[in-house]
Amino acid sequence: MMFALFFIFLLIQVLIFFRTRRASLILFILNLAFMVMMFIHHITENIPVRL
Amino acid sequence: MKDFIRVSNALLILVLMGVISSAFYEEFTREGPPCPLCFLQRLGMIGIATAILMNLRFGIRIKHYVLALFSAGIGGAVSTRQILLHICPNFPTFGYPVLGLGLYTWAFIVFCCSAISIGVFLFLYQPDQAMKVRMSWLDYLAFLATALVTLGNIILTIYQCHFGSCKDVPWPPKNPPTSLSVPAYNLLFPFV
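Cut-offs applied
Residues numbered from 1 in each chain as written. Chains lettered and ligands numbered in written order. Predicted model: local features only at pLDDT ≥ 70, side-chain atom pairs only at ≥ 80, totals over all residues. Heavy atoms only, no water. Helix = DSSP H or I, 4+ residues; strand = E, 2+ residues; numbered from the N terminus. Buried < 20%, exposed > 50% of the residue type's maximum accessible area, 1.4 Å probe, protein only. Contact = heavy atoms within 4.5 Å. Areas by Shrake-Rupley, 256 points an atom, 1.4 Å probe, with all protein chains shown as cover. Core = buried A, V, L, I, M, F, W, Y, C linked by side-chain atoms within 4.5 Å. pLDDT = per-residue confidence, 0-100. Patch = residues over 30% accessible without salt bridge, like charges linked within 9 Å, V, L, I, M, F, W, Y side chains within 5 Å. Salt bridge = Lys/Arg side-chain N within 4 Å of Asp/Glu carboxyl O. Buried area = accessible area lost by both parts, 1.4 Å probe. Polar contact = N/O pair within 3.5 Å; in protein donor to acceptor, adjacent residues only side chain to side chain. Nonpolar A, V, L, I, M, F, W, Y, C, P; charged D, E, K, R; others polar.

Chemist: I would appreciate a short explanation of the overall build of chain B in the present structure.
Modeler: When its secondary structure is counted, chain B shows six helices and zero strands. For chain B, the sequential pattern of α-helices and β-strands runs α-α-α-α-α-α. Across the 192 residues in chain B, those meeting the buried criterion constitute 46%. When contacts within chain B are restricted to residue pairs at least 6 apart in sequence, those whose partners lie at least 24 apart make up 81%. Carbon and sulfur atoms make up 73% of the accessible area of chain B, which amounts to about 9800 Å² in all.

Chemist: How should the nonpolar core be read in this particular structure?
Modeler: Generally speaking, a soluble globular protein has its nonpolar side chains buried in company with each other. Of all hydrophobic cores here, the largest spans 63 residues; its most connected members are Met2 of chain A together with Met17 and Leu40 of chain B. Of all elements in the fold, only helix H1 (2–17) and helix H2 (21–45) of chain A together with helix H1 (2–30), helix H2 (36–58), helix H3 (62–86), helix H4 (103–123) and helix H5 (137–161) of chain B reach the threshold of two or more residues within this core. The greatest single-element share of this core, amounting to 15 residues, is contributed by H2 of chain B. Leaving out residues up to four positions away in the same chain, Leu40 of chain B has contacts with Met2, Met35, Met38 and Phe39 of chain A together with Val78 of chain B.

Chemist: In this structure, what is going on with unusual backbone geometry? I would like to understand it.
Modeler: Not every positive phi belongs to a glycine, and Arg19 of chain A is a case in point at roughly 60°. With a relative accessible area of 40%, Arg19 of chain A lands in the partly exposed category. Although it is not a glycine, Leu99 of chain B sits at a positive phi angle of roughly 55°.

Chemist: Sorry, what's going on with the confidence of the model for chain B here?
Modeler: It should be kept in mind that the predicted coordinates are not to be read in detail where pLDDT is low. Residue and element names in this part refer to chain B. Confidence along chain B averages 84 in pLDDT terms, with 84% of residues attaining 70 or more. Segment residues 176–192: pLDDT under 50, and 13 contacts once partners within four positions in sequence are set aside and those in other chains are kept. This prediction of the complex comes with two scores: 0.86 for pTM and 0.90 for ipTM.

Chemist: Sorry if this is basic, but what is going on with a nonpolar patch on the surface here?
Modeler: Together, Val14, Phe17 and Phe18 of chain A together with Tyr140 of chain B make up an exposed nonpolar region whose accessible area comes to about 400 Å². Within the secondary structure, Phe18 of chain A sits in the loop between H1 and H2.

Chemist: Got a minute to help me understand the interface of chain B and chain A in this structure?
Modeler: Of the residues lining the interface, 42 residues belong to chain B; the matching set on chain A comes to 27 residues. Roughly 3300 Å² of surface becomes buried between chain B and chain A when both sides are summed, with 77% attributable to carbon and sulfur atoms. In terms of surface lost to chain A, no three residues of chain B exceed Leu43, Arg57 and Phe58 of chain B, which account for 19% of the buried area on that side. For the pair chain B and chain A, the number of links is five residue pairs in polar contact (both at pLDDT 80 or more). Breaking the side of chain B that touches chain A down by element, the ones donating at least two residues are H2, H3 and H5 of chain B. Counting residues per element, the side of chain B that touches chain A draws most heavily on H2 of chain B, at 15 residues. Here the side of chain B that touches chain A is built from residues that sort into 23 nonpolar, twelve polar and seven charged.

Put into structure tokens, the structure is as follows:
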């Protein structure tokens, strides 16, 4: 899963190089959201279940 | 002034890529495996670099700086979590210290410095910087460095985590591998 985030960043860099601003901005925001989700997933999976 | 800001942007990207490259060097020479949080920190640095690349290509805009600040914030939060995990008593450190500090602590310092430098760029922002200009060789170098480092991370992530999610690896490992599997381990820990 983690490789996909790096791959999207590479895709964004290619898009930037070919001057597609809107698409790269949208993909960038999506990727940031994915990063936050991965971080939250990492926090929640390491919380011991007590119930 | 506009040229100075563009050159500073390109230099910030090159510094960030240098930091990730040095983490690569640490990983390959000292056999410290990256963890999921380390990968997220690298993603944060690549995020800052990619947002600044937009400045170099489309002209300098506040939106691009805001995206870079978001990336720095996420990366800073991730490295803070890792620092907090490893300062707990009876919790082992991860990897080897560099100049006395863990790599995650260095990552936190890098995110703070990046956020401060982006703040300075925002302070110096003027609307005439938003005009597109031809990219210089330094800008192309920044593009190339970012793309190569991102590609390297894709290959490394697929190699280490395959196509699933990355697992936490305890380090140093409880059951040290044999000399056949990881020869450098015995060089690093000859008496273990």
